[in-house]
Amino acid sequence: MYFPVLLALFDGDRDRVRRYLMLYVWAWVGIGTVFAAIFMSGGPIYHQRLTGDDMFAPLHAALTASGIADSTIGRLQDSLWAAYSSDDPGPGSGISAFPSVHFAVACVISLYLADRWRRTVPAAIVAVALYQVLSVHLGWHYAIDGYFSIATVLALRAGLRRSVTLRRPEIAASA
């Protein structure tokens, strides 16, 4: 949540700040609100509760056997389900999996770090990959949720870079 503030305070490159603020807003509004409302889905952890189909029973068994189901993560998943299924769900109580707003924001921040400091590229790649693996392993998301979020953020970033290049060719190299 502090990314826009940190960006505005500590990055003197006006075009880069604008570009990443737009990506950040797109991640929350475009992916997290518009696309999430259009595609409405719950992750594998909620699949049986939503459909009655137990195809992810092995996931539940693995989470239980590993102790994750009884951890803070498991309690959070149960809490989100309780809020979602109540008559009065509040803000932040959604269980929509596709696409992943959290994954999109992680991708935006990783791209920013990689653009700002080239030496962070390996860490940025590891962070995005780890986020993808863990979100699927814990049942929050299907793999496609993360892939779609990455592709959407990368496509918009490419479009924004192209827009800057067309408007101001002299800064194309820094975009």
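Use the structure listed above.
Cut-off values and rules
- Residues numbered from 1 in each chain as written.
- Predicted model: local features only at pLDDT ≥ 70, side-chain atom pairs only at ≥ 80, totals over all residues.
- Heavy atoms only, no water.
- Helix = DSSP H or I, 4+ residues; strand = E, 2+ residues; numbered from the N terminus.
- Contact = heavy atoms within 4.5 Å.
- Salt bridge = Lys/Arg side-chain N within 4 Å of Asp/Glu carboxyl O.
- Buried < 20%, exposed > 50% of the residue type's maximum accessible area, 1.4 Å probe, protein only.
- Axes fitted to C-alpha atoms, helices over the stretch in contact; angles between N-to-C directions.
- Parallel < 35°, antiparallel > 145°, perpendicular 65-115°, else oblique.
- Left-handed = near helix turned anticlockwise from the far one by under 90°.
- Nonpolar A, V, L, I, M, F, W, Y, C, P; charged D, E, K, R; others polar.

Okay, the side chain of S135 next. You can see S135 is positioned in helix α7 (residues 121-137). When neighbours within four sequence positions are excluded, S135 is seen to be in contact with W140 and H141.

Attention now goes to the pattern of salt bridges. Using the criterion set out here, one finds six salt bridges in the structure. D11 is paired through a salt bridge with R16; the nearest N and O atoms lie 2.6 Å apart. Residue class for D11 comes out buried when judged on its relative accessible area of 6%. For R16, a relative accessible area of 12% gives the class buried. The partner of R49 in a salt bridge is D78, with the nearest N and O atoms 3.3 Å apart. Of this pair, R49 sits in helix α3 (residues 47-51) while D78 sits in helix α5 (residues 72-85), placing them 29 residues apart in sequence. A relative accessible area of 41% means that R49 is categorised as partly exposed. Among the charged side chains, a salt-bridge network with shared partners connects D11, D13, R16 and R116.

One way to put it is that helix α1 (residues 3-10) packs onto helix α6 (residues 101-116) with a least axis distance of 12 Å and a crossing angle of 20°. Considered as vectors, α1 and α6 are oriented roughly parallel to each other. The handedness of the crossing between α1 and α6 comes out as left-handed. Two secondary-structure elements touch here, α1 through F3, L7 and F10 and α6 through V108, I109, Y112 and R116. Here the residues of the contact of α1 with α6 are counted per class, giving six nonpolar, no polar and one charged.

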